[in-house]
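Results of the structural survey
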Amino acid sequence: MRKEKSTALYPHPFSRAYWRDAAAEMKDTRMLVFAALMIALRVALKFVAIPLAPNLKINTAFLANAMGAMVFGPVMSIFAAAVSDFLGVLLMGDTYFPPFVLTEIAGSLIFALFLYRARLTPTRVMLSRFCICFFVNVLLQTPLMMLYYKIVLGKTGYVLTIPHILKNLFMFPVESVLLTLFLKMVLPISTRAGLTYDKEKALHFEKKQVMQLVGLFLVGTVCVFAYLNYYYRTTSLSASYTAEERYEHNCRMAEIVDENTEEHEGETLVATVESAYKKFLGHEITYNVAVYAVDEEALAGYDKDLEAIRGMSKSKAKAVAEDGVMERFTGATIVVNENTGEVLSCEFTD
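This write-up is about the structure you can find in this document. Keep in mind that this is a model prediction, so the values were computed, not measured. (Residues numbered from 1 in each chain as written. Predicted model: local features only at pLDDT ≥ 70, side-chain atom pairs only at ≥ 80, totals over all residues. Heavy atoms only, no water.)

All right, on to the overall build of the chain then. Across its full length, the chain holds 11 helices and six strands. Judged by the C-alpha coordinates and their principal axes, the chain covers about 90 × 45 × 40 Å. When contacts within the chain are restricted to residue pairs at least 6 apart in sequence, long-range pairs at least 24 apart make up 70% of them. For the chain, the computed accessible surface area is about 18300 Å², with 61% contributed by carbon and sulfur atoms. When the 34 positive and 36 negative side-chain charges of the chain are each reduced to one mean point, those points stand 25 Å apart. (Helix = DSSP H or I, 4+ residues; strand = E, 2+ residues; numbered from the N terminus. Contact = heavy atoms within 4.5 Å. Areas by Shrake-Rupley, 256 points an atom, 1.4 Å probe, with all protein chains shown as cover. Lys, Arg positive; Asp, Glu negative; His and termini not counted. Charge placed at Lys NZ, Arg CZ, Asp CG, Glu CD.)

Here it is, written out as structure tokens:
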């Protein structure tokens, strides 16, 4: 005798029954067919966006993602996210970068944890979108984007951090309202079809929900600016330099040091950028530099020429110094205006 499917609603996902029902969706033929339809719709909507302003648009694929997660739950959402990510990249012709699938899975999982087998309210919808915007699109996707730019494109991706993060911050209220209205429209249909079980239809905005939306936006603003401030204070730009960028910055630092010191005048100097921190919401970049004086005689018999040494990272430069080819004589902290190239200060630390 076939066991009747559970239609229970849960106030939270922290129960064994919740996960048992979510796992059981993988054995339901109707849910498997619905998941295939949602994957197809999600991939198709990757090509559809609602323009709001120049360079600002709403990507509509998240609507299908939320609807699917609401219907078939967190277990199937993980597989659906992985498949839709692969198919989307395949159809778009982009380079497949496997770590990006983590953002797809995380977003689908968060939607499912808030919306699956739950009594839906605007608060739940807003919280689901808030968690995705902040924890997935900001905290998770930003380092993945930087990794993609460095490994796949061979470029420095840090310049995209602020526009990417601010876009997610300011799109959160718009996407939350749009998602609430969308789910309000589809929920009666999915309930009549026996795909969802919430019959109270509480998805309508009141003054309380508007205040919650404003509150979440303010919390998001504080969190984002705190994160950016921390990120810029602790993340060295030099870690993402390409070989060409490292050579260019090292040579520029050597010129600045040479202009600001008379010690070792006439000698060949090599400067190596050990770290570089950009001021948040400012144009100043602070470079911490190690400065070496090259031994011309030792260099003549060395297996690397001067130009190769000028483009070295701090660890490789230290190795050359240990070989006796050059000697560190000072360190320097140099502050440069990123836009104009003006040297704002140059202080020697050793």
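Let us now look at a negative patch on the surface. Taken together, E263, E267, D295, E296, E297 and E327 make up a surface patch of like negative charges. Mapped onto the fold, E267 is located in the loop between α8 (243-259) and β3 (269-278). Given a relative accessible area of 40%, E267 falls into the partly exposed group. (Patch = residues over 30% accessible without salt bridge, like charges linked within 9 Å, V, L, I, M, F, W, Y side chains within 5 Å. Salt bridge = Lys/Arg side-chain N within 4 Å of Asp/Glu carboxyl O. Buried < 20%, exposed > 50% of the residue type's maximum accessible area, 1.4 Å probe, protein only.)

Time to look at the layout of surface pockets. Counted as a void, the largest pocket has a volume near 1400 Å³. Secondary-structure elements contributing two or more residues to the lining of the largest pocket are β2 (56-59), α3 (61-92), α4 (101-115), α5 (122-153) and α6 (161-192). Sort the elements by how many residues they give to the lining of the largest pocket and α5 lands first, with nine residues. For the lining of the largest pocket, the residue count by class is 16 nonpolar, 13 polar and nine charged. (1 Å grid on protein atoms, 1.4 Å probe; cavity = no way out; pocket = protein on both sides within 12 Å on 5 of 7 lines; lining within 4 Å. Points joined across faces, edges and corners; volume = space filled by probe spheres on them. Nonpolar A, V, L, I, M, F, W, Y, C, P; charged D, E, K, R; others polar.)

This brings us to the state of the cysteines. Tallied over the full model, the rule gives zero disulfides. Of all cysteine sulfurs, the one in C346 lies closest to C251, which takes part in no disulfide; the gap is 16 Å. (Disulfide = S-S within 2.5 Å.)

Among the nonpolar cores identified, the biggest contains 36 residues, and M70, F72, F111, L115, L179 and L183 are the most heavily contacted of them. Breaking this core down by element, the ones donating at least two residues are α2 (29-45), α3, α4, α5 and α6. Of the residues forming this core, the biggest block, 10 residues, is contributed by α3. Beyond its immediate stretch of four places on either side in the chain, M70 contacts L115, Y116, R117, L120, L183, V186, L187, S190 and T196. The next biggest cluster of nonpolar side chains, apart from the first, holds 20 residues, and it includes L237, Y241, V257 and V291. (Core = buried A, V, L, I, M, F, W, Y, C linked by side-chain atoms within 4.5 Å.)

As far as function goes, none of this settles anything; it's purely spatial.
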